[in-house]
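Next come the chains, spelled out residue by residue.
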Amino acid sequence: MEPTEIPVVRIAAVDKTFTSERSRVTTALQGIDLEIRRGEFVSLIGPSGCGKSTLLRLIGDLVAPTAGRVTINGKPADRARRDRDYGIVFQAPVLFDWRSVEDNVKLPLELMGFDAGRRTARAREMLDLVELGDFLHHHPYQLSGGMQQRVAIARALAFEPSILLMDEPFGALDEMTRERMNQEVQRIWERTGITVVFVTHSIPEAVFLSSRVVVMSARPGRITDVIEIDLPRPRDVETREQRRYFELVTAVREALRRGGADAALDPVGSAGGPTPVAAVGSIDRAAAEGGIG
Ligand code: ADP
Ligand code: MG
């Protein structure tokens, strides 16, 4: 990064507490400081309930910090959301079955008032990017889980956001599909140069994809380690067999263990992941306030 370049994400001294109806206070995040530079791929990893989704939502202005500041491209996060700096992908792809693949990707562009020609051009370009150009007229229920998630990624990218937020996007997929999707996301990231913040439960996934892995401790969530992933790119199946890859997987695992996370990391990613209902709720909020996907 040039010394003068503004980071895409700057989180300074952020705390987040939730107060329930019975006034029970949950401290989800405490003392979070993090800067993410343009074009980085940063993963957040940690045990269920440590605040990964909350941190992602703070970045995306879907929740507000209790203390501290979140700045996106040098602006307050709410301003960044109005400026459509974000694309968001949740664990459940949240597609509309009655709309074709193409019309799902066009939806946020419709809400924004793009004209029909631009909507079509942009949707097709994005569906080509995720290699679904032959499935424009299919409906989501006709696609596999991995393909549905690629539609969700195309939709999230439709606005040319400067930052893509992904919350366990492949947590519900089988291992083989997940590895293929990792390859796919890497390719999209390299092609677009977009900044990615990626929540995962999977150590191999975090190491394979990331430029840096941010390790969080159990509640209250804090950042305990930031591990630079210096594997050469592009990464492929052979990357997963390299000695350096195993060293980094071990380094992340040990960092998690030091943070007290070893027992709570579950491979399925279900316990702390967003339920489809929660995902729909947040995308509704985003849509209502003009920031879908
Ligand atoms: P993770 O994604 O790492 O599994 P979350 O960010 O979902 O963790 O949650 C962190 C903590 O904050 C958990 O204890 C969770 O119960 C709590 N929490 C998250 N969202 C809310 C909310 N809207 N209201 C109350 N508590 C919440
Ligand atoms: Mg979560």
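Structure: above.
Structural notes, computed from the coordinates.

Conventions adopted
- Residues numbered from 1 in each chain as written.
- Chains lettered and ligands numbered in written order.
- Predicted model: local features only at pLDDT ≥ 70, side-chain atom pairs only at ≥ 80, totals over all residues.
- Heavy atoms only, no water.
- Near = heavy atom within 4 Å.
- Polar contact = N/O pair within 3.5 Å; in protein donor to acceptor, adjacent residues only side chain to side chain.
- Areas by Shrake-Rupley, 256 points an atom, 1.4 Å probe, with all protein chains shown as cover.
- Helix = DSSP H or I, 4+ residues; strand = E, 2+ residues; numbered from the N terminus.
- Nonpolar A, V, L, I, M, F, W, Y, C, P; charged D, E, K, R; others polar.
- Buried < 20%, exposed > 50% of the residue type's maximum accessible area, 1.4 Å probe, protein only.
- Pairing = 2+ DSSP bridges.
- Axes fitted to C-alpha atoms, helices over the stretch in contact; angles between N-to-C directions.
- Contact = heavy atoms within 4.5 Å.
- Core = buried A, V, L, I, M, F, W, Y, C linked by side-chain atoms within 4.5 Å.
- Phe/Tyr/Trp six-rings, centres within 6.5 Å; stacked < 30°, edge-to-face > 60°.
- Lys NZ or Arg CZ within 6 Å of the ring centre and 35° of its normal.

1. Overview of the site of ligand 1
And step 1. Around ligand 1, 13 residues are found, and the nearest of them are Gly 49, Lys 52, Ser 53, Thr 54 and Arg 219.
And step 2. Between ligand 1 and Arg 219 there is a distance of 2.6 Å, counted from an oxygen atom to a side-chain nitrogen or oxygen.
And step 3. Summarising the interface, the protein chains cover 65% of the accessible area of ligand 1, which totals 560 Å² for the free molecule.
And step 4. Of all the secondary-structure elements, those providing two or more residues to the shell around ligand 1 are strand 2 (25-36) and helix 1 (52-59).
And step 5. The element that contributes the greatest number of residues to the shell around ligand 1 is helix 1, accounting for three residues.
And step 6. Residue classes in the shell around ligand 1 are distributed as four nonpolar, seven polar and two charged.

2. Brief notes about the side chain of Thr 71
And step 1. Along the polypeptide, Thr 71 turns up in strand 4 (residues 67-72).
And step 2. Thr 71 sits in the buried class, given a relative accessible area of 14%.

3. Things to note about the sheet that holds strand 9 (residues 212-216)
And step 1. With respect to topology, six strands assemble into an open sheet ordered 6-7-8-3-9-10, the strand pairing being mixed. At either end of the open sheet lies a strand with only one pairing partner, and these are strand 6 (86-89) and strand 10 (223-228). Here the strands of the sheet are splayed against their neighbours by 15° on average, with no regard to which way each runs.
And step 2. Pairing geometry for strand 3 (residues 41-45) and strand 9, over four bridges, is parallel. The residue bridging Ser 43 from the neighbouring strand is Val 213, located in strand 9.
And step 3. Sitting on the sheet, helix 5 (residues 145-157) touches strand 6 and strand 7 (163-167), and the angle it makes with strand 6 is about 165°.

4. As for helix 3 (residues 101-111)
And step 1. With eight of 11 residues buried, helix 3 is to be regarded as a mostly interior element.
And step 2. Residues of helix 3 that are buried: Val 101, Glu 102, Asn 104, Val 105, Lys 106, Leu 107, Pro 108 and Leu 109.
And step 3. Buried residues in helix 3 make contact with helix 4 (116-129) and helix 5.
And step 4. Once helix 3 ends, the next one or two residues include Gly 113, with phi positive near 80°.

5. Considerations on the side chain of Lys 16
And step 1. One can find Lys 16 in strand 1 (residues 9-19).
And step 2. Within the local environment of Lys 16, its side chain forms a polar contact with the backbone oxygen of Ala 64, the two atoms lying 2.7 Å apart.
And step 3. In this view, Lys 16 contacts Thr 26, Thr 27, Ala 28, Leu 29, Thr 54, Leu 58, Val 63, Ala 64, Pro 65 and Thr 66; residues no more than four positions away in its chain are not counted.

6. Thoughts on the nonpolar core
Note on soluble globular proteins: their nonpolar side chains tend to be buried together.
And step 1. Counting residues in each nonpolar core, the largest one holds 37 residues, and the members touching the most others are Leu 127, Ile 153, Leu 157, Leu 164, Met 166, Phe 170 and Val 196.
And step 2. Mapped by element, the contributors of at least two residues to this core are helix 3, helix 4, helix 5, strand 7, helix 6 (175-192), strand 8 (195-200) and helix 7 (203-209).
And step 3. Looking at which element gives the most residues to this core, the answer is helix 5, with seven residues.
And step 4. Apart from residues lying up to four places away in sequence, Phe 170 is in contact with Gln 149, Ile 153, Arg 178, Met 181, Asn 182, Val 185, Phe 198 and Glu 205.

7. What about the packing of aromatic side chains?
And step 1. Under the defined criterion, the tally for this structure stands at six aromatic pairs.
And step 2. A ring pair is formed by Phe 96 and Trp 98, whose centres lie 5.1 Å apart and whose planes are at 50°; its orientation type is tilted.
And step 3. Where Tyr 245 meets Phe 246, the ring centres are 5.7 Å apart and the plane angle is 75°; that geometry is what we call edge-to-face.
And step 4. Judged by its relative accessible area of 5%, Tyr 245 is buried.
And step 5. Among the aromatic residues, ring-to-ring pairing joins Phe 41, Phe 170, Trp 189 and Phe 198 into one connected group.
And step 6. Over the ring of Phe 159 we find Arg 84; its NZ or CZ atom is 4.5 Å from the centre of that ring.
And step 7. Over the ring of Phe 208 we find Arg 240; its NZ or CZ atom is 4.1 Å from the centre of that ring.

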